[in-house]
Amino acid sequence: MDFIQLCNTRQSCRSYSDRPVSDEDIRTCLEAARLSPSACNSQPYHIYLCTGDAAAEVAKTTQTAGMNKFTSQAPCLLVITEDNYNATAAIGSRRKDQDYRSVDIGIAAANICLCATTLGLSTCIVGWFDEKKLAALVGTTARIRLVISLGYAAEDDKLRTKKRKSAEDLITFVK
Ligand SMILES: Cc1cc2nc3c(=O)[nH]c(=O)nc-3n(C[C@H](O)[C@H](O)[C@H](O)COP(=O)(O)O)c2cc1C
């Protein structure tokens with residue numbers, strides 16, 4: 001699969017099967033996160049891998065207002081918290097008034113999701129959760145930025161055609 005095929009194949013999965021995910025595949029996805037680039041190599045995040053009863057409890061925190069019912073089906077939920085910058089990234093962020101941490105977390109999340117796709121797994125990045133309850137569950141005082149559901153898609157989860165802005169709307173060539 002070339003990279004563009006990979007990008008088309010990765011899609012947000014909102015229907016999971018019962019098939020368990022091997023520890024090896026989970027570790028591979030986590031390794032993809034660990035190898036992600038980040039500003040000043042700061043890696044300002046921590047990942048909580050939630051399975052079993054913990055995943056069931058985490059799922060509930062993503063389901064307020066009728067949202068994200070599918071998270072209860074996913075065998076694994078990854079919770080990504082924001083960690084401190086290292087000294088150089090902190091200085092860079094302050095001097096340039098940039099939020100590198102959210103960028104770094106987004107890159108790690110993308111690596112996880114794309115890696116999962118190469119393994120035949122499916123994911124959904126979830127940004128809707130009860131942060132206080134989730135923080136208490138995983139035992140952190142850090143900000144929680146994302147949850148990622150991970151598992152095998154159910155048969156009804158068909159490949160969708162991507163709806164995206166056109167290249168013309170998205171890109172300006174400056175010469
Ligand atoms: C930061 C972020 C937060 C998201 N939060 C949710 C969410 O809470 N629930 C959900 O079903 N999808 C969520 N999504 C998935 C997006 O809806 C999805 O990526 C987008 O519609 C494009 O579809 P695709 O991922 O299938 O290509 C989120 C995606 C991102 C990047």
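Everything discussed here concerns the structure shown above.
Residues numbered from 1 in each chain as written. Predicted model: local features only at pLDDT ≥ 70, side-chain atom pairs only at ≥ 80, totals over all residues. Heavy atoms only, no water.

Q: Break down the environment of Ile47 for me, citing the residues and quoting the values.
A: Within the element layout of this structure, Ile47 appears in strand β1 (residues 45–51). Considered as a pair, Ile47 and Thr81 are 34 residues apart in the sequence and their alpha carbons are 6.4 Å apart. For Ile47, the residues in contact, after removing those within four places along its chain, are Leu30, Ala33, Leu78, Val79, Ile80 and Ile112. (Helix = DSSP H or I, 4+ residues; strand = E, 2+ residues; numbered from the N terminus. Contact = heavy atoms within 4.5 Å.)

Q: Describe the pairing of strand β4 (residues 144–151), listing the residues and the values that go with them.
A: Put simply, side chains in a regular strand alternate between the two faces of the sheet. Within β4, seven of the eight residues are buried, leaving the element largely enclosed by the surrounding structure. As defined by bridge partners, strand β3 (residues 122–126) adjoins β4 across five bridges and the pair is classed as antiparallel. Bridging from a neighbouring strand, Ile125 pairs with Ile148 of β4. (Buried < 20%, exposed > 50% of the residue type's maximum accessible area, 1.4 Å probe, protein only. Pairing = 2+ DSSP bridges.)

Q: Can you explain the site of the ligand? Please cite residues and give values.
A: In the vicinity of the ligand lie 15 residues, with Ser12, Arg14, Asn68, Lys162 and Arg164 positioned nearest. The contact in question runs from an oxygen atom of the ligand to an N or O atom on the side chain of Arg14, over 2.7 Å. Note that an oxygen atom of the ligand is positioned 2.8 Å from one of the side-chain N or O atoms of Lys162. A total of three residues in the shell around the ligand trace back to one element, the largest contributor, which is β3. Its residues assigned to classes, the shell around the ligand shows six nonpolar, four polar and five charged. (Near = heavy atom within 4 Å. Polar contact = N/O pair within 3.5 Å; in protein donor to acceptor, adjacent residues only side chain to side chain. Nonpolar A, V, L, I, M, F, W, Y, C, P; charged D, E, K, R; others polar.)

Q: Before we move on, can you summarise the pairing of strand β2 (residues 76–82) with the specific residues and values?
A: Of all seven residues that make up β2, seven are buried, and the element is covered over most of its length. Neither face of β2 is open: one carries Cys76, Leu78, Ile80 and Glu82, the other Leu77, Val79 and Thr81, and all of them are buried. In this structure, β1 lies alongside β2, joined through seven bridges in antiparallel fashion. In the sheet register, Leu49 faces β2, and the bridge partner there is Leu78.

Q: Tell me about the side chain of Glu82, and name the residues and values.
A: Following the sequence through the fold, Glu82 ends up in strand β2. At 2.7 Å, the side chain of Glu82 forms a polar contact with the side chain of Arg145. Ignoring sequence-local partners within four residues, the contact set of Glu82 consists of Pro44, Tyr45, Arg101, Ser102, Ile105, Ala142, Arg143 and Arg145.

Q: Give me the lowdown on the sheet that holds β4, citing residues and values where you can.
A: In a beta sheet, neighbouring strands pair by backbone hydrogen bonds and run either parallel or antiparallel. An order of β1-β2-β4-β3 is seen for the four strands of this open sheet, with the pairing classed as antiparallel. Strands with a single pairing partner mark the edges of an open sheet, and in this sheet they are β1 and β3. Across this sheet, the average inter-strand angle for adjacent strands is 20°, counted without regard to direction. The sheet contacts of helix α2 (residues 23–34) involve β1, β2 and β4, and relative to β1 the element is tilted by about 165°. Across the sheet, helix α3 (residues 52–61) is in contact with β1 and β2; its angle to β1 comes to roughly 110°. (Axes fitted to C-alpha atoms, helices over the stretch in contact; angles between N-to-C directions.)

Q: For the packing of aromatic side chains, give the residues involved together with the corresponding values.
A: Per the stated rule, a full pass over the model turns up zero aromatic pairs. Sitting above the plane of the Tyr152 ring, Arg19 keeps its charged end 3.7 Å from the centroid. Its guanidinium or amino end placed over the ring of Tyr85, Arg101 lies 4.5 Å from that ring's centre, counting from NZ or CZ. (Phe/Tyr/Trp six-rings, centres within 6.5 Å; stacked < 30°, edge-to-face > 60°. Lys NZ or Arg CZ within 6 Å of the ring centre and 35° of its normal.)

Q: Can you break down the packing of α3 against helix α6 (residues 131–138) residue by residue, with the values?
A: Two measures define how a pair of helices packs: the angle their axes make with one another and the distance between the axes. Packing of α3 against α6 brings their axes to within 9 Å, and their N-to-C directions diverge by 165°. Relative to α6, α3 is oriented roughly antiparallel. Seen along the crossing, α3 lies across α6 with a hand that is left-handed. Each of Glu57, Val58 and Thr61 in α3 lies in contact with α6, whose residues at this interface are Lys133, Leu134 and Leu137. Each residue belonging to the contact of α3 with α6 can be placed in one class, and the counts come to three nonpolar, one polar and two charged. (Parallel < 35°, antiparallel > 145°, perpendicular 65-115°, else oblique. Left-handed = near helix turned anticlockwise from the far one by under 90°.)

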